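# Inside the fold
Each chain, written out:
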Amino acid sequence: MIPAKFGSALFSLILSGLMSLMVSGIATFRATGFSPDFLGLWVGAWLTAWLFAFPAVMLVSPVARRMVGALVAKA
């Protein structure tokens, strides 16, 4: 098991990986359609996107949490 202190980083890693996978897949499909090399193009686009998405999520998630905290009713 991974120690709890790494939970935030692991969440960011998984979230950025899944989101960049979906978005790069849609963008690749829109650009190329189901071409014979679609899968290779998608994987290349995904890895590049994930390279940027992970640090972006790490930087932006605290801001997003504060914004959500300000917008939701206090219990």
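Worth saying up front: this structure is predicted, and the values here are computed from it rather than measured. (Residues numbered from 1 in each chain as written. Predicted model: local features only at pLDDT ≥ 70, side-chain atom pairs only at ≥ 80, totals over all residues. Heavy atoms only, no water.)

### Let's talk about the packing of aromatic side chains
Quick note on the threshold: Two aromatic rings from Phe, Tyr or Trp, using only the six-membered ring of Trp, form a pair when their centres are within 6.5 Å; if the ring planes differ by under 30 degrees the pair is stacked, by over 60 it is edge-to-face, and anything between is tilted. Remark: exposure states derive from per-residue accessible area (1.4 Å probe, protein chains only) relative to the maximum for the residue type, with buried under 20%, exposed over 50%, and partly exposed in between.
The final tally for this structure, using the stated rule, is four aromatic pairs. Taking the centre distance of 4.7 Å and the plane angle of 55° together, the rings of Phe29 and Phe34 count as tilted. With a relative accessible area of 38%, Phe29 lands in the partly exposed category. Exposure remark for Phe34: the relative accessible area of 69% places this residue in the exposed category. Measuring from ring centre to ring centre gives 5.3 Å for Phe34 and Phe38, while their planes differ by 75°; the resulting arrangement is edge-to-face. Classification of Phe38 as buried rests on a relative accessible area of 10%. Ring pairs connect the aromatic residues Phe29, Phe34, Phe38 and Trp42, which therefore count as one cluster.

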